[in-house]
Amino acid sequence: MPRDVPALSRIPGVFDKLKAAGRKALIPFITAGDPDKASTVPIMHALVTAGADIIELGVPFSDPMADGPTIQRSSERALKHGTSLKDCLAFVREFRARDEVTPVVLMGYANPIEAMGYDAFAAAAALAGVDGVLVVDYPPEESVELTGKLRAAGIDSIFLLSPTSLDQRMEEVAHLASGYVYYVSLKGVTGAAHLDLTEVARKIPLIRSHVKLPIGVGFGIRDGATARAVASISDAVVIGSRLVQEIEASPPGQAAANVGALVAEIRRAMDAQA
Amino acid sequence: MQMTDLPDRKGHFGPYGGIFVAETLMYALDELRDNYERLRQDPAFVAEFEYELKHYVGRPSPVYFAKRLTEQCGGAQIWLKREDLNHTGAHKINNTMGQALVARHMGKKRIIAETGAGQHGVASATVAARFGMECVVYMGSEDIHRQAQNVYRMKLLGASVVPVESGSKTLKDALNEAMRDWVTNVEGTFYIIGTVAGPHPYPMMVRDFNSVVGRELLTQMPEAIGRHPDAILACVGGGSNAMGAFYPFIPHKDVRLIGVEAGGLGLQSGKHAATLCAGRPGVLHGNRTYLMQDENGQIMETHSISAGLDYPGVGPEHAWLKDTGRAEYVAVTDDEALEAFHAMCRVEGIIPALESSHAVAQAMKMARTMPKDKVLLVNLSGRGDKDMNTVARYSGLTL
C-alpha cells in the first residue's frame with residue numbers, strides 16, 4: 001500500500017507548488033567542479049534563473065560505473081582539480097548564501113560518503129543546506145542505515161527505479177524513499193540515445209501504485225521535445241548528459257551562460273504543453 | 001553460522017560483500033543468484049562441471065615437492081599445487097568454465113569479460129569458443145600495449161577485444177566498462193567476472209568454482225605426506241586462486257592460510273597493490289571490501305610488476321578472513337617476486353607467473369626460518385610464459 005511520506009526538506013514544497021500551478025519540475029544535473037571549482041556555484045544560479053526547480057549536483061568519483069562517457073569525462077575534469085565531497089558541500093553552502101529556496105540533491109557514488117562516515121556526512125550535508133541524496137550504488141537493501149541518519153538530519157533519500165524493477169523492488173524503494181523517485185527510463189548508462197516513451201508511459205502508473213511520491217524521469221532526454229513528452233507523463237524531467245556536454249563544449253567562462261540558455265529553452269518547451 | 005556457510009542470502013561476509021550496484025543491474029543479479037543457487041545444488045550440473053574440469057581443463061592438477069628449491073632455502077619443505085598445468089596455463093579456467101556452463105543453462109549466448117593481464121580474457125575466450133558463444137573482452141588500452149600477445153590469443157579464439165580509454169586505462173576501468181555493457185545488454189548477455197569480487201553472487205560463485213583446488217589438496221596432501229600442510233600460501237590480487245585454495249581449509253584450523261599481496265616498490269613507497277595490508281574498507285565494483293583509496297574516498301591507482309595483482313580492491317571474503325584472523329595477509333615486493341621467479345626457473349625448471357612468484361617468494365622467506373619437517377604448500381596459480389616481455393624489460397633486455 002502506498003503511504004504518505006512526511007516532508008523533510010524543501011523538495012515536497014516545490015512539487016506541491018508546481019502541482020497547484022499545473023506545471024512539471026525541471027531537474028538539471030551538473031557535475032560539481034566541472035569544468036573547474038569556481039564555475040559550479042555560478043552555473044547553479046544560472047540553472048535556477050533559467051527555470052530549474054531542483055538541482056542535482058553530481059559528486060565526482062574516480063569509478064562512475066553507472067555513467068556513460070560524457071559524465072565520466074566530467075568527473076575526470078572535476079577530479080583533476082581535486083573536487084572532493086567536502087568541496088561539493090562547500091558549493092551548496094555558498095549557493096545557499098543567495099538561494100534559500102531551490103532544493104539541491106547530491107548525486108554520486110557510495111565510497112566518498114563511506115570515507116567521510118555516515119554521521120559526519122549527514123551532519124555536514126544538513127549544515128550546508130542539502131535537501132536530498134541519491135547514491136547510485138546504494139540499492140535500498142544496503143542503505144537502511146544511511147537513509148535513517150539522513151532522515152534524522154532532515155534530508156530526503158532519492159532512489160532509482162528502472163525498466164527491470166519488479167513490484168517487490170518498488171515496494172522496497174517505497175519503504176525508504178522520500179522527496180521523489182527517479183525512474184531511469186532505459187537500460188543502459190547515462191547519456192544513451194534511445195528513449196521509448198510508450199514503455200515509460202506504461203511503467204509510470206505501475207510505479208505510482210507502489211510509491212506515493214513524485215516521479216522524475218531521466219536518461220535519454222536531450223532537448224525541448226523529449227522533455228515536453230516526458231513531462232506529459234511524469235512529475236519531473238531530469239536532464240544531465242546533454243547539459244554536461246554543453247559545459248564540455250563551452251569556451252572558458254561561457255559554461256554558465258550556455259547551459260542557462262539550453263535549460264531556458266527546455267523550460268519553455270515543457271511549459272508550452274501545459 | 002559456520003564461516004564456510006557464508007555469504008548470507010544477501011551476499012554478506014560479516015560487514016563485507018553485499019550488492020552495491022545501480023538499480024538497473026539488480027534484476028540481472030537477482031536472476032543470476034536464483035539460477036546459480038539452483039544449479040549449485042543440481043547433481044547434473046555438478047557432474048557436467050566436473051566432466052569439463054577433467055577432460056577439457058586437465059584436472060586434477062598435481063602436487064609437486066620442490067626439492068631443489070627446498071634445499072636451496074634450507075628449511076621447511078616447499079610443495080607446489082600445479083595450477084600452471086591447467087589448459088590455458090592458470091587457475092582462471094576453473095571459474096570461466098563454471099560460469100560458461102551457468103550462462104548456457106540461463107540461455108545467454110553472449111559472454112562479456114574484463115581483463116587486466118589478459119589471462120581471464122583468454123580463459124573466457126577459450127570457454128566461449130568451446131561452447132560457440134560470442135565473446136567480448138574489455139581491456140584497458142594501457143594493458144593492451146603491455147600484453148599484446150594475450151590480445152592476439154583472445155582474437156585467435158574468436159573474441160573481440162575492446163580497448164578501454166577511460167580513467168587509468170587498466171583493469172578497474174575495464175571492469176567499469178564491462179558493467180556498462182551489461183547494464184545496456186542485460187537480457188542476452190552473461191558477464192563472467194574474473195575474480196572473487198563484484199556484487200553477490202559473484203564472490204561466492206567464483207570461490208565455489210575455484211574451490212576445486214582446495215578440495216583436491218584435501219586428499220592430495222594426506223596421500224603425499226600423510227597429513228595437511230602447515231600453511232597454504234597464495235597470491236592475492238582480487239583473490240580468486242587464494243580463495244579457491246583456502247576455502248575448503250577454513251575449518252582446518254591447524255593449517256595457516258597466508259595471502260600474499262603485491263608490495264610493488266614497497267609499502268612505504270605508496271606504489272603497490274597491497275589492499276589488505278595497507279587499504280581501508282569502502283565500496284567499489286559492487287561490494288564492500290578493503291580498497292586502495294585516498295582520504296576523500298577516490299580510488300587510487302596501484303602498482304605491481306604483475307598485471308594480475310594490479311587491482312585496488314580485493315574479494316570481500318578475504319576482507320572477512322583478515323578481520324576474523326583466520327587468514328594472514330602479507331606483501332612481497334616486485335624485486336622479491338622477481339628473485340623467486342628466477343629461482344624457480346633455474347632450480348625447478350618451472351617458469352611461474354609473476355603473480356604466483358609472489359607466493360613462492362613468501363614461501364622461500366618463511367622456509368628459511370622453519371624446521372625441515374614443516375610443510376608449506378604454494379598454490380602455483382599460473383605459468384609465466386605471458387610474462388617474458390615484462391621480465392626481460394626488468395632485466396634491461398628487449399625481446
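Residues numbered from 1 in each chain as written. Chains lettered and ligands numbered in written order. Predicted model: local features only at pLDDT ≥ 70, side-chain atom pairs only at ≥ 80, totals over all residues. Heavy atoms only, no water.

Caption draft 1: Region of the structure containing the nonpolar core. In terms of nonpolar packing, the biggest core is built from 88 residues, with V102(B), W182(B), F190(B), Y191(B), I232(B) and F246(B) touching the most fellow members. Ignoring sequence-local partners within four residues, the contact set of V102(B) consists of L32(B), Y36(B), L39(B), F45(B), F190(B) and F209(B). Ranked by size, the runner-up nonpolar core spans 67 residues in total, among them V130(A), V135(A), A174(A) and V237(A). (Core = buried A, V, L, I, M, F, W, Y, C linked by side-chain atoms within 4.5 Å. Buried < 20%, exposed > 50% of the residue type's maximum accessible area, 1.4 Å probe, protein only. Contact = heavy atoms within 4.5 Å.)

Caption draft 2: How the structure looks around the sheet that holds strand β9 (residues 231–235) of chain B. Residues and elements named next belong to chain B. The sheet built from 6 strands is open, its strands ordered β3-β4-β14-β9-β10-β13 with mixed pairing. Looking at the sheet topology across the chains shown, the edges are occupied by β3 (63–65) and β13 (327–333). Sheet twist, expressed as the average angle between the axes of neighbouring strands with direction ignored, equals 30°. In the packing of helix α10 (residues 212–225) onto the sheet, the strands contacted are β3, β4 (77–82), β9 and β14 (375–380), and the crossing angle to β4 comes to about 135°. The sheet contacts of helix α14 (residues 334–348) involve β3, β4, β10 (256–264), β13 and β14, and relative to β13 the element is tilted by about 90°. (Pairing = 2+ DSSP bridges. Helix = DSSP H or I, 4+ residues; strand = E, 2+ residues; numbered from the N terminus. Axes fitted to C-alpha atoms, helices over the stretch in contact; angles between N-to-C directions.)

Caption draft 3: Main features of the pattern of salt bridges. All names here are of chain B. Using the criterion set out here, one finds 42 salt bridges over all chains in the structure. Across the salt bridge formed by R59 and E83, the nearest N and O atoms sit 2.6 Å from each other. Taken together, the residues R59 in the loop between α2 (43–57) and β3 and E83 in the loop between β4 and α4 (92–105) connect sequence positions 24 residues apart. Residue R59 is classed as buried on the basis of its relative accessible area, which comes to 6%. Its relative accessible area of 0% is what places E83 among the buried residues. Residue R110 pairs with D181 through a salt bridge whose shortest N-O separation is 2.7 Å. Linking R110 in strand β5 (residues 110–115) with D181 in helix α8 (residues 171–184), this pair joins segments that are 71 residues apart in sequence. Salt bridges sharing partners connect three or more residues here, namely E37, R40, R207, D208 and E317. (Salt bridge = Lys/Arg side-chain N within 4 Å of Asp/Glu carboxyl O.)

Caption draft 4: Local environment of the packing of α2(B) against α4(B). Residues and elements named next belong to chain B. Contact pair α2 / α4: the axes reach a minimum separation of 10 Å and the direction vectors enclose 135°. In terms of axis orientation, α2 runs oblique to α4. Like other packed secondary-structure pairs, α2 and α4 cross with a definite hand, here right-handed. Of the residues in α4, those touching α2 at F45, E48, F49, E52, L53, Y56 and V57 are I93, N94, M97, G98, L101, V102 and H105. Looking at side-chain class alone, the contact of α2 with α4 contains 9 nonpolar, 3 polar and 2 charged residues. (Parallel < 35°, antiparallel > 145°, perpendicular 65-115°, else oblique. Left-handed = near helix turned anticlockwise from the far one by under 90°. Nonpolar A, V, L, I, M, F, W, Y, C, P; charged D, E, K, R; others polar.)

Caption draft 5: Region of the structure containing the sheet that holds strand β9 (residues 236–239) of chain A. Residue and element names in this part refer to chain A. Taken in spatial order, the 9 strands line up as β5-β4-β3-β2-β1-β9-β8-β7-β6 in an open sheet, and their pairing is parallel. Since the sheet does not close on itself, it has two edges, and those belong to β5 (156–157) and β6 (159–161), each with one partner. Here β6 runs beside strand β7 (residues 181–184); their pairing, made up of 3 bridges, is parallel. Considered in β7, the bridge of F159 is made with V181. Against the sheet, helix α8 (residues 167–176) makes contact with β5, β6 and β7, and its axis sits at roughly 160° relative to β6, the strand it touches most.

Caption draft 6: Examining the packing of aromatic side chains more closely. On inspection of all chains with the given rule, the structure shows 12 aromatic pairs over all chains. Between Y118(A) and Y138(A), the aromatic rings sit 6.3 Å apart at their centres with planes inclined by 85°, giving edge-to-face as the arrangement. Taken together, the residues Y118(A) in helix α6 (residues 118–128) and Y138(A) in the loop between β4 (132–135) and α7 (144–152) connect sequence positions 20 residues apart. Side by side, Y118(A) and Y138(A) carry an identical accessibility label, which is buried. Each residue in the set Y118(A), Y138(A) and F20(B) is aromatic and connected to the rest through ring pairs, giving one cluster. The ring of Y64(B) has R82(B) sitting right over it, with the charged end atom 5.8 Å from the ring centre. Taking the ring centre of Y56(B) as reference, the NZ or CZ of R130(B) above it sits at 5.7 Å. (Phe/Tyr/Trp six-rings, centres within 6.5 Å; stacked < 30°, edge-to-face > 60°. Lys NZ or Arg CZ within 6 Å of the ring centre and 35° of its normal.)

Caption draft 7: Region of interest: a nonpolar patch on the surface. Together, Y152(B), L156(B) and L157(B) line one region of the surface with nonpolar side chains, adding up to about 320 Å² of accessible area. If you trace the backbone, L157(B) turns up in the loop between α7 (148–156) and β7 (160–164). (Patch = residues over 30% accessible without salt bridge, like charges linked within 9 Å, V, L, I, M, F, W, Y side chains within 5 Å. Areas by Shrake-Rupley, 256 points an atom, 1.4 Å probe, with all protein chains shown as cover.)

Caption draft 8: Spotlight on the interface of chain A and chain B. On the chain B side, the residues contacting the 38 residues of chain A number 36 residues. Across the chain A to chain B interface the summed buried area is about 3000 Å²; carbon plus sulfur atoms make up 51%. The partner of D63(A) in a salt bridge is K172(B), and the shortest N-O contact between them spans 3.0 Å. Along the contact surface separating chain A from chain B lie 18 residue pairs in polar contact (both at pLDDT 80 or more). Element by element, the count of residues in the side of chain A that touches chain B is highest for helix α5 (residues 110–116) of chain A, at 5 residues. Across the side of chain A that touches chain B, the residue classes tally to 20 nonpolar, 9 polar and 9 charged. (Buried area = accessible area lost by both parts, 1.4 Å probe. Polar contact = N/O pair within 3.5 Å; in protein donor to acceptor, adjacent residues only side chain to side chain.)

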